[in-house]
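Next come the chains, spelled out residue by residue.
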Amino acid sequence: MPDSSPPADEIDPRNPAERPEDPSSAPPPAVDPRPPLPARLAPLAEAARDYARAAASPNTNRAYAADWRHYAAWARRQNLPALPPDPQVLGLYIAACASGAAGPKPCSVSTIERRLSALMWNFAQRGETFDRKDRHVATVLAGIRRTQGRPPEQKEAILPEDLLAMIATLDLGDLRGLRDRAVLLIGFAGGLRRSEIVGLDCRREDGLSGGWIEFFDEGLLLTLRGKTGWREVEIGRGSSDSTCPVAALETWLKFARISIGPVFRRVVGGKVGAERLTDRHVARLVKHTAMAAGVRGDLTEGEREKKFSGHSLRAGLASSAEVDERYVQKQLGHASAEMTRRYQRRRDRFRVNLTKAAGL
């Protein structure tokens, strides 16, 4: 049976976000007037730079770099200075983003706000300061929010029956299929972000890129590095081996002969490599298998393709688990119950009928 999972281990050259960063596209940091450090402190300076880079996740660093390139390229085309930060230039930039003049289509409010955050960070790294509340920027942004603001478009939640149909599209006779089944089941049962899935290591001492796994008779314990610190996620064993995330992971590790290092790795030519999967693999896997399984077949193919992402697994657990809300909140690592309720999209819809309760 052919492998229907996508060749998602490879970088997609058609996606600009996946192309290697061109260092020449970003302006250099501000010139430091201080004298250079003594040669004996060079290793310490390099270590400090490594720690500074580690302050944000690789995904965040990649997004900040991409947003800076976008802004710098727009400013260059308009013959405007990218540095030092100019409130009027930034006001024009976000207006261009909102109107579609800075790209192929208008940007959403959330995208513009993210780009502003990225620019503030990039300015700070170059020794520049900028007040985001400056009227040239704040007033334009307020107008964009008022005219173009709309509710966020949430990804479709993958429900248990959807997940089983998606797994049925995989070829479980080869390593890639076994790996992808474990990715889907662990991601769903753990309510994990895609970066948390691919960041797992086999042991605590394997590098701590994102967390590690521990097997118990009752299930699996994940220790994860989150945005607010470390947290533990428990994944209990399923009712049968065919649907059990713990058994799926044990099977993948056994046949892939993995006992140290990254849990989820590339499979090329039927052989397991040493390189960790990227988080983009999870997004493409969910999208591909959901499409192949006919999930939300009531929609057009174009609409369905936009509905699914790696986040669909996380939303699926929150929408499916019929347990007290606080347990779901703990599993997903949410700081507030309100955030958890946003994920419980179908579970609580019309559960309470206030119309009838009012006597109508």
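Residues numbered from 1 in each chain as written. Predicted model: local features only at pLDDT ≥ 70, side-chain atom pairs only at ≥ 80, totals over all residues. Heavy atoms only, no water.

**Let's talk about the side chain of arginine 266**
Thinking step 1. Considering the arrangement of structural elements, one finds arginine 266 in strand S5 (residues 265–268).
Thinking step 2. Side-chain polar atoms of arginine 266 contact the side chain of glutamate 275, separated by 3.2 Å. (Helix = DSSP H or I, 4+ residues; strand = E, 2+ residues; numbered from the N terminus. Polar contact = N/O pair within 3.5 Å; in protein donor to acceptor, adjacent residues only side chain to side chain.)

**Describing the pairing of strand S3 (residues 219–226)**
Thinking step 1. Along S3, 6 of the 8 residues are buried, which leaves the element largely enclosed by surrounding structure.
Thinking step 2. In the sheet, strand S2 (residues 211–215) pairs with S3 via 5 bridges, with the strands oriented antiparallel. Bridge pairing links phenylalanine 215 to leucine 220 in S3.
Thinking step 3. Both S3 and strand S4 (residues 229–236) contribute to a ladder of 8 bridges, which runs antiparallel. Looking at S4, one finds that leucine 222 is bridged to valine 233. (Buried < 20%, exposed > 50% of the residue type's maximum accessible area, 1.4 Å probe, protein only. Pairing = 2+ DSSP bridges.)

**What about the pattern of salt bridges?**
Thinking step 1. Tallying each qualifying case throughout the model produces 11 salt bridges.
Thinking step 2. Residue arginine 203 pairs with glutamate 205 through a salt bridge whose shortest N-O separation is 3.8 Å.
Thinking step 3. In the salt-bridge network here, residues are joined through shared partners; they are Asp67, Arg114 and Arg115. (Salt bridge = Lys/Arg side-chain N within 4 Å of Asp/Glu carboxyl O.)

**With respect to the nonpolar core**
Thinking step 1. If you look at the biggest cluster of nonpolar residues, it comprises 45 residues, and the most contacted ones within it are Leu184, Leu222, Leu249, Trp252, Val263 and Phe264.
Thinking step 2. Elements with a contribution of two residues or more to this core: helix H6 (160–167), helix H7 (175–190), helix H8 (194–198), S3, S4, helix H9 (245–256), helix H10 (279–293) and helix H12 (311–320).
Thinking step 3. Top element by residues in this core is H7. It accounts for 8 residues.
Thinking step 4. In contact with leucine 249, other than residues within four places in its own chain, are Ala182, Ile186, Ile213, Phe215, Leu220, Val263 and Phe264.
Thinking step 5. In terms of nonpolar packing, the next biggest core, distinct from the first, is built from 25 residues, Trp68, Ala75, Leu90 and Phe123 among them. (Core = buried A, V, L, I, M, F, W, Y, C linked by side-chain atoms within 4.5 Å. Contact = heavy atoms within 4.5 Å.)

**A closer look at the packing of helix H3 (residues 87–99) against helix H5 (residues 135–148)**
Thinking step 1. Where H3 meets H5, the closest approach of the two axes is 8 Å, and the angle between their N-to-C directions is 15°. As the angle between them shows, H3 and H5 are arranged roughly parallel. In this structure, H3 meets H5 at a crossing whose hand is right-handed. Taking contact as the criterion, the partners of Pro87, Gln88, Leu90, Gly91, Ile94, Ala95 and Ala98 in H3 are, on H5, His136, Val137, Val140, Leu141, Ile144 and Gln148.
Thinking step 2. Among the residues making up the contact of H3 with H5, the classes are represented as 9 nonpolar, 4 polar and no charged. (Axes fitted to C-alpha atoms, helices over the stretch in contact; angles between N-to-C directions. Parallel < 35°, antiparallel > 145°, perpendicular 65-115°, else oblique. Left-handed = near helix turned anticlockwise from the far one by under 90°. Nonpolar A, V, L, I, M, F, W, Y, C, P; charged D, E, K, R; others polar.)

**Section: the environment of leucine 175**
Thinking step 1. Looking at where leucine 175 falls in the secondary structure, it is placed in helix H7.
Thinking step 2. With 80 residues separating them along the chain, leucine 175 and phenylalanine 255 place their C-alpha atoms 7.3 Å apart.
Thinking step 3. Beyond its immediate stretch of four places on either side in the chain, leucine 175 contacts Trp252, Phe255, Ala256, Val267, Gly270 and Val272.

**Focus: the side chain of threonine 169**
Thinking step 1. In this structure, threonine 169 sits in the loop between H6 and H7.
Thinking step 2. Given the relative accessible area of 14%, threonine 169 is considered buried.
Thinking step 3. At 2.6 Å, the side chain of threonine 169 forms a polar contact with the backbone oxygen of methionine 166.

**Quick word on the packing of aromatic side chains**
Where two aromatic rings form a pair, the distance of their centres and the angle of their planes describe that pair.
Thinking step 1. Across all of its chains, the model carries 8 aromatic pairs by this definition.
Thinking step 2. Here tryptophan 68 and phenylalanine 123 contribute two aromatic rings whose centre-to-centre distance is 5.6 Å and whose plane-to-plane angle is 90°, an arrangement assigned as edge-to-face. On the criterion of sequence distance, the pair formed by tryptophan 68 in helix H2 (residues 58–77) and phenylalanine 123 in helix H4 (residues 109–125) is long-range, its members being 55 residues apart.
Thinking step 3. Taken together, a centroid distance of 6.4 Å and an interplanar angle of 55° make the contact between phenylalanine 123 and phenylalanine 130 tilted. For the pair phenylalanine 123 and phenylalanine 130, a shared accessibility class is recorded, and that class is buried.
Thinking step 4. Note that arginine 126 overlies the ring of tryptophan 68, its terminal NZ or CZ placed 4.2 Å from the centroid. (Phe/Tyr/Trp six-rings, centres within 6.5 Å; stacked < 30°, edge-to-face > 60°. Lys NZ or Arg CZ within 6 Å of the ring centre and 35° of its normal.)

**Examining the sheet that holds S4**
Thinking step 1. If you walk across this open sheet you meet the 4 strands as S1-S2-S3-S4, and the pairing is mixed. In this open sheet, the two strands that pair with only one neighbour each are strand S1 (200–201) and S4.
Thinking step 2. By the bridge criterion, 2 bridges tie S1 to S2 in an arrangement that is parallel. By the bridge assignment, leucine 200 is partnered in S2 with glycine 211.
Thinking step 3. Packed onto the sheet, H9 meets S2, S3 and S4 and runs at close to 105° relative to S2.

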